[in-house]
Every structure is written in C-alpha cells, then in structure tokens.
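Spelled out from the first residue to the last, the chains are:
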Amino acid sequence: MQHRENIILYNVLNQEIVFEEYFCNLLYFDSFRNLFIDFINNKNKLLDKNIIKYKYFNTEVKLNNDNGRADLFLKIKDTNEEFIFEIKNKVYTNLTTNQPNSYLNYLNNKHSNLFFLIPGGYKHKDEIIARWKDYNNVSNQILYWEDFINKITESNIYKDNTEINMFYKFCLYWFDMKTIEFNEEENKLFNDKGIKMNDFTNTSIPTMIQKLEALVNNIGSHTNMKIDNDTVGYNYSKIIKDYIIYFGVDYNSWENNDIPLSIVIQSVKNNHQEFKLNLKNINTKTELSEETSNSIRQFSYIVKLNDTVGSKSFQENTIKLIFNVLKQLS
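Nothing here was measured: the structure is a model prediction, and the numbers come from that model.

Basis of the calculations
Residues numbered from 1 in each chain as written. Predicted model: local features only at pLDDT ≥ 70, side-chain atom pairs only at ≥ 80, totals over all residues. Heavy atoms only, no water. 1 Å grid on protein atoms, 1.4 Å probe; cavity = no way out; pocket = protein on both sides within 12 Å on 5 of 7 lines; lining within 4 Å. Points joined across faces, edges and corners; volume = space filled by probe spheres on them. Helix = DSSP H or I, 4+ residues; strand = E, 2+ residues; numbered from the N terminus. Nonpolar A, V, L, I, M, F, W, Y, C, P; charged D, E, K, R; others polar. Phe/Tyr/Trp six-rings, centres within 6.5 Å; stacked < 30°, edge-to-face > 60°. Buried < 20%, exposed > 50% of the residue type's maximum accessible area, 1.4 Å probe, protein only. Axes fitted to C-alpha atoms, helices over the stretch in contact; angles between N-to-C directions. Parallel < 35°, antiparallel > 145°, perpendicular 65-115°, else oblique. Left-handed = near helix turned anticlockwise from the far one by under 90°. Contact = heavy atoms within 4.5 Å. Pairing = 2+ DSSP bridges. Polar contact = N/O pair within 3.5 Å; in protein donor to acceptor, adjacent residues only side chain to side chain. Core = buried A, V, L, I, M, F, W, Y, C linked by side-chain atoms within 4.5 Å.

Colleague: Before we go on, may I ask you to explain the layout of surface pockets in this structure?
Modeller: Summary: where empty space remains is shown by rolling a probe the size of a single water molecule over the atoms. Here the largest pocket defines a volume of roughly 1000 Å³. In this structure, the largest pocket is lined by 28 residues; those nearest its centre are Gly120, Tyr144, His222, Ile319 and Phe323. Here the element with the most residues in the lining of the largest pocket is helix α9 (residues 312-329); it accounts for 7 residues. The residue makeup of the lining of the largest pocket, split by class, is 7 nonpolar, 11 polar and 10 charged.

Colleague: Teacher, can you tell me more about the packing of aromatic side chains here?
Modeller: For any pair of aromatic rings, the description consists of the separation of the ring centres together with the inter-plane angle of the planes. Following the criterion strictly, the structure yields 27 aromatic pairs and no others. Relative to Trp145, the ring of Phe23 has its centre 5.2 Å away and its plane inclined at 85°; by these criteria the two rings are edge-to-face. Within this pair, whereas Phe23 is found in helix α1 (residues 16-26), its partner Trp145 is found in helix α5 (residues 145-155), the two being separated by 122 residues in sequence. A relative accessible area of 0% places Trp145 in the buried class. Ring centres of Tyr28 and Tyr54 lie 5.5 Å apart, and the angle between their planes is 85°; on these two criteria the pair is classed as edge-to-face.

Colleague: Please clarify how the packing of α5 against helix α6 (residues 162-174) should be interpreted in this entry.
Modeller: In a pair of packed helices, the angle between the axes and the distance between the axes together describe the arrangement. At a minimum axis separation of 11 Å, α5 and α6 run at an interaxial angle of 135°. The angle between α5 and α6 falls in the class oblique. In the packing of α5 onto α6, the handedness of the crossing is left-handed. For the pair α5 and α6, the contacting residues are Trp145, Ile149, Ile152 and Thr153 in the first and Phe167, Tyr168, Cys171 and Leu172 in the second. Of the residues assigned to the contact of α5 with α6, the class counts are 7 nonpolar, 1 polar and no charged.

Colleague: Would you mind going over the sheet that holds strand β5 (residues 142-144) with me for this structure?
Modeller: Strand pairing in a sheet is mediated by backbone hydrogen bonds. Such pairs are either parallel or antiparallel. The 5 strands lie next to each other as β1-β2-β3-β4-β5, forming an open sheet whose pairing is mixed. Edge positions in the open sheet fall to β1 (57-62) and β5, since each of these has one partner strand only. Taking each pair of neighbouring strands and ignoring which way they run, the sheet shows an average axis angle of 35°. Where strand β4 (residues 114-118) meets β5, 3 bridges bridge the pair, whose relative direction is parallel. Its bridge partner lying in β5, Phe116 is registered against Ile142.

Colleague: Please explain the side chain of Ser237 as it appears in this structure.
Modeller: Locating Ser237 in the fold gives a position in strand β7 (residues 233-240). On the basis of relative accessibility, which here comes to 17%, the residue Ser237 falls in the buried class. Of note is the side chain of Ser237, whose polar atom sits 2.7 Å from the side chain of Asp228. If near-sequence neighbours (up to four positions away) are discounted, Ser237 is found in contact with Met225, Lys226, Asp228, Ile245 and Tyr246.

Colleague: Any chance you could explain the nonpolar core here in plain terms?
Modeller: In globular proteins that are soluble, nonpolar side chains generally tend to be buried together. Counting 43 residues, the largest nonpolar core has Phe23, Phe32, Phe148 and Phe167 as the members making the most contacts within it. Of all the secondary structure elements, the ones that give two or more residues to this core are α1, α2 (30-41), β2 (69-76), β3 (81-87), β4, α5 and α6. Ignoring sequence-local partners within four residues, the contact set of Phe148 consists of Phe23, Phe32, Leu35, Phe36 and Phe39. Ile180, Phe182, Ile209 and Phe314 belong to the second-largest nonpolar core, a separate cluster that totals 28 residues.

Take a look at the structure:
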C-alpha cells in the first residue's frame, strides 16, 4: 500500500470550499496578500495593495437578486469597488449557471472585476470564454494556480511562514508541480549522441523510468490530451482530423532512434508537403520520418526534446509547444 504523502494538509484541502477558506485566511499575512495583489495586477492594474486590507475579503458571499454565491469576495471600502474571485482547484469541476453570467450581472457588467482562478489544465476553460464572448481581453481575467505558486517560489515567502509553507507544499503536490530532478548520468539520455541502457553504471533503471513517467504526467496533465493505453511506453495522445499527436516515452523510438522523450505528430496523408508545422520552440530538433503499413504511407514529425529536462522552464516550454501543435492541427 502506498504511503500517504508527506504533506501536512494531505486530504485536507482537496475540497474547493476548504481550499478557498484556507487561501482566504492566508491573505491575513501582508506578504501573501501583497503577492496575490501583485499577481492580479500583472494582468490588470486594478488593485491598490496600499489600501486593501485583510478584512475586506470574505468567502461564500451570497449576492443579491439571486446572482449566486461568490467563492472569494473583495469589497474595498475606500472606493466601494467589488471584485469576485471564482475558485476552481480541480480540472474537471463543472461550471454553474452563475459562472460567469450572474456574476457579471451583479457587477453591472464590469467584467474586469471578475476573476477565475483555475488549474492550467481546467477542462471547461473554453466554456468560460464562450459564455464571456461579449467582452474583450477575457483571457486577462482567467488566472492559473500554477502561475501563482511559481510566484510563491520566486518570492521565498513560504520559507519564513509555516502556514504559507503548508499551503505551498500542498499545491506543489495537488497541481503536479513537483520538480523531477535527473542526475548527471540520467541527463545524458537527452544529449545529441544518445545513450544506451548498458551505458549506465551508477543509475537505477527503474528509478529513471519512473522519473520519466512522472515528468510526462506533469506535462501531459496540463494539456487537453489523454493517457494513451495503446502505445508501447508511457504517452499522452490526441486525434485531430487526419493527425495523431503523441507526447511521452515511446520504447520503440528509444530503442531504434535513441530518443527517450519526444513529441510525435503523425499524418496518414500521402503527401507530407501538406503536413507543415511552424514548430517554434527553443532547444528542440525536428526530424521527418516515413513508414509504410498496409499500403498507407504515414509521415511523422519527431520533435526531440534535448533541454535540461528536469527544469521548470523545460516543462513550461514543452506545454507551450504541445499547445502550439494542437492549435495548428485543429
């Protein structure tokens, strides 16, 4: 049986209502509240941290005229302005009829005063945008927990405050943000020359495989792809029109091409000239391969990922690249 995670708030902040209550309580601390306000202001210069106090925040606030209940509500007494923060901490949580229509009605259609705080892979983000279609710059009102947690990391405020530290560690676990670290020998997997399994002398092969799979899951869980159970290895995949995109560890590709981690974009069209993608991303190499099976010529772009694989920048760049590919294929 797997041991419980070594996290104080394990199985405590799983529910959104408990998560939002704890988050609101953390706004009591000046450092945390100011960091959150700066995070909001990075996209919207709306909040003045010099006048916003902890007592101006509240949770589960019932809005008048049956306009729903706000997860996190901010009323600035100095200006009488009101802001609603809708909080989602799970990728599959459904929207209600109030989100965002009734909230916008309550705010007299000030869409800049409504925010959604969601996981990066939230499955109903497009639906939020569709319901919000009459407003410009809606993307500025949708904020991601992963981005805020990265701000906590950069600020180091978690190091000096136990309550913030507990929240921070829970979020790293909950939003799959733990850094997967590869040692010097393991990182040789991703150099241009390639490396064979029998070249490893100081590395546990099962541990290395587990690290690769954890890395793939960290990245794949933040895209709109799904785990593929039909490939040999550990991959996420998605079918779009005449294309299939795979991301992950393909054991055949690893064995035959010395490519342990890759993005593969496969087309079943006969003319690969129709299969051109603008793959702009740092530290990647792209190759075109061709296979013939049952008289069907399959062309595949194999994107080799040779960056410092355990780094956060690698994960962020790979997610951006996958979204770039999905957008071009759709």
